[in-house]
Amino acid sequence: MQSVPMAPALDHLHGLHVATRGTVLAGTHTGLYAVGTSGRTERVGARDDDLMGLAGVAQTDTLYSSGHPGPSSAAPNPLGLKESTDGGRTWRARSLAGEVDFHALASDGELLVGFDGTGGLRVSTDRGTTWAAGAALPAASLAIAADGVWAVTPDGLQRSTDVALSFTVVEGAPDLVIVSAGADGSLWGVDAGGTAWRSDLSRSWQRVAEIGEVEALAAADYGRAYAATSRVLHTLG
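Cut-offs and rules
Residues numbered from 1 in each chain as written. Predicted model: local features only at pLDDT ≥ 70, side-chain atom pairs only at ≥ 80, totals over all residues. Heavy atoms only, no water. Helix = DSSP H or I, 4+ residues; strand = E, 2+ residues; numbered from the N terminus. Buried < 20%, exposed > 50% of the residue type's maximum accessible area, 1.4 Å probe, protein only. Contact = heavy atoms within 4.5 Å. Pairing = 2+ DSSP bridges. Salt bridge = Lys/Arg side-chain N within 4 Å of Asp/Glu carboxyl O.

A. Region of interest: the environment of glycine 223. With respect to the element layout, glycine 223 can be found in the loop between β22 (216-221) and β23 (224-228). On the basis of relative accessibility, which here comes to 43%, the residue glycine 223 falls in the partly exposed class. Measuring from C-alpha to C-alpha, the distance between glycine 223 and glycine 148 comes to 21 Å, with 75 residues separating the pair along the chain. Once residues lying within four places of it in the same chain are set aside, the contact partners of glycine 223 are Trp188, Arg198, Leu236 and Gly237.

B. Just the sheet that holds strand β13 (residues 132-133), in detail. The strand order across the open sheet built from four strands is β10-β11-β12-β13, with neighbouring strands paired in antiparallel fashion. In this open sheet, the two edge strands, each paired with only one partner strand, are β10 (104-107) and β13. Where strand β12 (residues 122-124) meets β13, two bridges bridge the pair, whose relative direction is antiparallel. Bridging from a neighbouring strand, arginine 122 pairs with alanine 133 of β13.

C. Focus on the pattern of salt bridges. Here the structure, examined in full by the defined rule, presents six salt bridges. With a closest N to O distance of 2.6 Å, arginine 47 and aspartate 49 form a salt bridge. For arginine 47, a relative accessible area of 17% corresponds to the buried category. Look at aspartate 49 and you get buried, because its relative accessible area is 3%. Put simply, arginine 92 and glutamate 83 hold a salt bridge, and the shortest N to O gap is 3.2 Å. When its relative accessible area of 46% is taken as the criterion, arginine 92 is described as partly exposed.

These figures come from the coordinates and say nothing about function on their own.
Next up, the structure:
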């Protein structure tokens, strides 16, 4: 594990994404930032929106965001769902503008699952164009892998195999507070004690490192993931 301080430090993080060429992107209260391996941070694009939700397809430049408009924006509040296909340099509105602020969000490119802090999950099977109700499940974190939709809940880690309509508690999983899926179907998570874990396709869990409390997590694949606070980036693998 490698840990580097961010310079300049960022506002509170609401999400990380691993884009093409391994670029790490961080969603904050004041927009999207790229974080270099040295910890250097740099704004991406011109948006200064409060990105309460950030998700994307691992190791691609496809991103989805949600939250509230920043000082320079005239967009409806909340933002609903926005999409970027160029790593966050430009964005376009997809749906739910003025209606929804997703706090937890996950995507595999076609399927999106989100939770806005009230009611249950919302599910889109067409890249966020239309939405339907999912399970009545409070989710602190969401991930989508080839074997289902994964959710961190008050009852522990749960998995759905029916497109987020119902979930079952995963016996033997660590007590995770955040979860992320890699491009190869792997899962990474961090538990309440600050331990980072990873799972291969057999869904056995391996303890990786003690990193302490973090605000965001993004998996690239089974061999690499990133976790961060607003001041420190951890490279895991």
